[in-house]
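Architecture at a glance
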Amino acid sequence: MKAEPMIKPAPRVRLRPGVLLHYLILTLISVIMILPFVWMLSTSLKEPSDIFVFPPQWIPSPIRWENYSEVLQAIPFGRFYFNSVYIAALVTIGTVLFASLSGYAFGRIPFVGRNLVFLILLSTMMIPHEATSIPMFLFMRDLGFINTHFPLIVVPIFGAGGVFGVFVMRQFFLTLPKELEEAAMIDGCSRFGIYWRIMLPLAGPAISTLTIFTFLTCWNEFYDPLIFVNSRELMTIPLGLSLFTDEAGTSWHLLMSASVMATLPLLIIFFFAQKQFMEGVAMTGLKD
Amino acid sequence: MSVKRRGGSRNPLARDANLTGWLFISPMVLGFTCFLLLPMGMAFYMGFTDWPLLGDSSFAGFDNYKNLMDDDIFWKALGNTVYFSAGLVPLNIALALMLALLLTRSLPFMGLFRTAIFTPVITSLIVWSIVWKYMLATDSGFINQILQMFGIQGPTWLYNPDLAMPAVIVTSVLKNVGLNMVLFIAALQQVPAHLYEAAKLDGAGRTRTFFQVTLPMITPTVFLTVIMTVIGSLKVFGQIYVMTQGGPSNSTKVLVYYIWETAFKLFDLGYASAAATILFCIILAFTLIQWQLRKRWVFHES
């Protein structure tokens, strides 16, 4: 009779019909959202013949790990990964660097023409890059950059994503107190010194949000790689996967293995940094 | 003294500010001029030319636009884009709003549900589309297997001109509803608690509280989210490319797919640029509406 497990202290939620319905709806929708991932994982370990088995098999038997090695033989998946990671990393670094530099100037330095340039900058954000991609293609072709990573790295840094970054960084720098700069100026710190040594370290939260937003956008980008890159070893994950879809046809077990490999790492990172991810992605709410 | 003062208004610090300011923004300004402004101007110009991939281009006046007006496939693509938007936006907004309302009640496990519903948002659109293409497959697809359990012979989904677009719409809603949900949750959490208390004191029921308190308070967010979702839906491409390739019989050929195909499959760059300019104008119209709304609400709030 030490503790009565049946009587918990302060049972806050009673299962009234309303609450029950509440959970029922949420569970149903969550299951619909998660089911594709479970089905993907399940199929990725199936024998080709088990895919058509009826009723659907949740836990494959036998488990066929070879699907993964078969995919890795069919397409240079490691290469896709490397390309995606380093392109997204460079785009993110470039965006944070240039966007914070301009954002700082727009927010803190009173220079002539500041408001006008900022207004022009903001209005370019709405230009859909599907519309600019045709001239961009010709431009890159004339410079000899077709089938290289150059357009995939440079275009997003200075495109709508970069402009958006400027906006975000400016809004952040506007909130910092003036005294910080004045003190540094009296100490003889240069403008760049103030930006680099005082402002940038303070901008941690804004930078981390911008980093996640930029990295995710770039990681999932499909249209630009489709246009600018055509040799296999230069492809990013989304493009490589879509190509593999054409090749594998209805070899769903292989397609799902490839999809698992493409999804899992980011999914794991997401589960550990959910808050930052939601903030970063919800920033799209400010965009457009 | 006064002479000195006059000179002082152009003091070295202000001049310094001009120089450093422009230096700081120069990489970005140079970049967005080269990679956004000039290409947009160029796209606009190319719309008035006959521009093949190789060989010389020639000025064509309004020919491209005239031809577009007579192009059945262009109208079909425009219609399909409207169909996609008209299907996706209400579904997405209604579902996101409902989920946000359900998730802002303080009950256990709400964080878990929120994570589950948000997961597709961070997943690559291409992966999501591939998986759903598989889920919707005629013989081995999960959906049809479930239907078969109930003795129903499932349709051919993505190979049926009447069902392909609805299938793509639902897939797209599921992919992105979590994003709008998170935006709505943020808006709901900013509704001051004392308004709810006042409503309660006045004896307002839950429905009445929603329509009289909650909805008016989050209307700005809802409207801006609607327009953002509309703009996003006008640019739909990835899921179409993976799931249907615009088919069957052009039933899912949307505007961006049409532009991409015309430019990079048929290499009719001038014609594609004209279509792209039309896309730009449509998006411009929605952006202007959004700016007007935002201006009004920012004013209203302050």
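Residues numbered from 1 in each chain as written. Chains lettered and ligands numbered in written order. Predicted model: local features only at pLDDT ≥ 70, side-chain atom pairs only at ≥ 80, totals over all residues.

Chain B appears in an unreviewed UniProt entry as Sugar ABC transporter permease from Cohnella thailandensis. Annotation of chain B in UniProt includes, under Sequence similarities (unreviewed entry), the sentence "Belongs to the binding-protein-dependent transport system permease family." The record held by UniProt for chain B lists under Subcellular location (unreviewed entry) the comment "Cell membrane". (UniProt positions renumbered as here; feature names shortened; annotations may be inferred.)

Where an unreviewed UniProt entry is consulted, chain A appears under the name Carbohydrate ABC transporter permease, with the organism given as Cohnella thailandensis. Checking UniProt for chain A, the heading Subcellular location (unreviewed entry) contains the comment "Cell membrane". Entered under Sequence similarities (unreviewed entry) in the UniProt record, the comment concerning chain A runs "Belongs to the binding-protein-dependent transport system permease family."

All names here are of chain A. Each domain of chain A was delimited in the assignment, giving domain 1 (17-64) and domain 2 (75-285). For domain 1 and domain 2, the distance between their C-alpha centres works out to 34 Å. Contacts between domain 1 and domain 2 engage seven residues on the former and seven residues on the latter. In terms of residue class, the side of domain 1 that touches domain 2 is made up of four nonpolar, two polar and one charged. (Domains from an automatic or database assignment. Contact = placed C-beta atoms within 7 Å. Nonpolar A, V, L, I, M, F, W, Y, C, P; charged D, E, K, R; others polar.)

On to the UniProt feature "transmembrane region" (unreviewed entry) in chain A, then. Residues and elements named next belong to chain A. Residues annotated by UniProt as "transmembrane region" (unreviewed entry) correspond here to residues 20-41, 85-104, 116-138, 150-173, 194-216 and 252-273. Its end C-alpha atoms 30 Å apart, residues 194-216 is made of 96% helix and 0% strand. As annotated, residues 252-273 has a helix share of 95% and a strand share of 0%, and its two end C-alpha atoms lie 31 Å apart. (Helix = DSSP H or I, 4+ residues; strand = E, 2+ residues; numbered from the N terminus.)

Under the UniProt annotation, "domain: ABC transmembrane type-1" (unreviewed entry) lies at residues 78-290 of chain B. Span residues 78-290 of chain B is 75% helix and 0% strand, its end C-alpha atoms 22 Å apart.

In this section: the confidence of the model for chain A. Counting all residues, the mean pLDDT for chain A is 86, and 92% of those residues have values of 70 or more. Segment residues 1-11 of chain A is flagged for pLDDT under 50; beyond a separation of four residues in sequence, or across chains, it makes zero contacts in the model. (pLDDT = per-residue confidence, 0-100.)

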